[in-house]
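Read off the chains here:
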Amino acid sequence: MTDQTNDRAAIEAVLAPIAAGRATVRVEGGRASIILDVTGLPDGAQNALETDIRAAAAIPGIDEVRVARTAQRVNRRLIAVASGKGGVGKSTVSANLAIALARAGRKVGLVDADIYGPSQPKLMGVEGRKPVAHDKKLVPLATAYGVPMLSMGGLVEEGQAIAWRGPMAAGALTQLVDANWGAADTLVLDLPPGTGDVQLTMIQKHRPAGAVIVSTPQDLALIDATRAIDLFAKAGIPVIGIVENMAGYACPHCGEVSDPFGKGGAEAAAERLGVPFLGRIPLDIAIRTASDVGSPPAAGNGVEGAAFAEVAGKVNAWLDTQKG
Ligand SMILES: Nc1ncnc2c1ncn2[C@@H]1O[C@H](COP(=O)(O)OP(=O)(O)OP(=O)(O)O)[C@@H](O)[C@H]1O
């Protein structure tokens, strides 16, 4: 064994407990060159790790330590959450789907692209906080639910974007999608409600891997859900399925779910429209009150959370069947 091989082995030994498999070491003469894989680490953690590694690698006989950082490109997929019209619970479903997917083991980020009424900061409990930019890239806001988040609300003044056309909205969305998402490999995208030029341009430009359509039981029988499905068909984006929100009424006193609009219609409508049915979320006052205080039910262990977990399980399985 040469001295250089000995030095390399010695440096690898001291780095092992610090670098957790992220460092590759080469030694030439008295110089150690270390390639450091910083994939998924925030800037502060990267700097701290490099400082520790530099100090530890300077063993006797080594008079120069060079560190080069690399990061693997994360193959990131977008899941668009859309609805034919406003007020059906698209944002509520997006937030809870993102949290439930994270609880199922995915690395998830949440993008609030609803220029008409960005509500994710409130739903995720980070209202009033502004994201900062690092190296010209936005840094998503950390939330209490393990799902970082960026919202159009942080980019535009209230009411201003109402007159935006598709290219402007899609351009603004680029800043959110191309942000510093770290290790997140799945971004849940809360689209603006409706099926017009803004939504179409956004999905054409950012090409989500798949779409989840949110509808209420009444709309499923009507034209809105069909329009939302057509929007994705036009752009060649697969529809993962339909979520029926506000399906049945959960009694706040006894918890019993009744079905003022009848039951089974949504599944039948999904079948007729040729798309999978992902599940029903009951109309439950507990969902609204939890949402209002930035405490999404999917983060808890109650019955409301279970409905979202079931939907997320199907989306998770769909993602597993796709390449990438
Ligand atoms: N299953 C549910 N049970 C009770 N309340 C709900 C449910 N889903 C959503 N809500 C409530 O309905 C209201 C509208 O929901 P949300 O903001 O998610 O809709 P949206 O489709 O994103 O609306 P828009 O995009 O038009 O702003 C909110 O007050 C929310 O808390």
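Residues numbered from 1 in each chain as written. Predicted model: local features only at pLDDT ≥ 70, side-chain atom pairs only at ≥ 80, totals over all residues. Heavy atoms only, no water.

The chain appears in an unreviewed UniProt entry as Iron-sulfur cluster carrier protein from Sphingomonas suaedae. Quoted verbatim from the Subunit (unreviewed entry) heading of the UniProt record, the comment on the chain is "Homodimer." Under Sequence similarities (unreviewed entry), UniProt gives the following word-for-word description of the chain: "Belongs to the Mrp/NBP35 ATP-binding proteins family." (UniProt positions renumbered as here; feature names shortened; annotations may be inferred.)

J.: Explanation requested: the domain arrangement of the chain in the structure shown.
T.: As a measure of interface size, the accessible area lost when the parts come together is often cited. Here the domain parsing of the chain yields domain 1 (3–70) and domain 2 (77–321). Here the C-alpha centroids of domain 1 and domain 2 sit 42 Å apart. (Domains from an automatic or database assignment.)

J.: For this particular structure, what's the right way to read the pattern of salt bridges?
T.: Going through the model one piece at a time under the given rule, you end up with 13 salt bridges. Its salt-bridge partner being E28, residue R31 comes within 3.8 Å of it at the nearest N-O pair. The exposure class of E28 is partly exposed, given its relative accessible area of 40%. Among the ionic pairs, E244 bridges to R280, the shortest N-O distance being 3.2 Å. Of this pair, E244 sits in strand β11 (residues 239–250) while R280 sits in strand β13 (residues 277–284); the two residues are 36 residues apart in sequence, bridging distant segments of the chain. E244 sits in the buried class, given a relative accessible area of 4%. The class for R280 is partly exposed, based on a relative accessible area of 22%. Look at the salt bridges and you will find they share partners, linking R26, E28 and R31 into a network. (Salt bridge = Lys/Arg side-chain N within 4 Å of Asp/Glu carboxyl O. Buried < 20%, exposed > 50% of the residue type's maximum accessible area, 1.4 Å probe, protein only. Helix = DSSP H or I, 4+ residues; strand = E, 2+ residues; numbered from the N terminus.)

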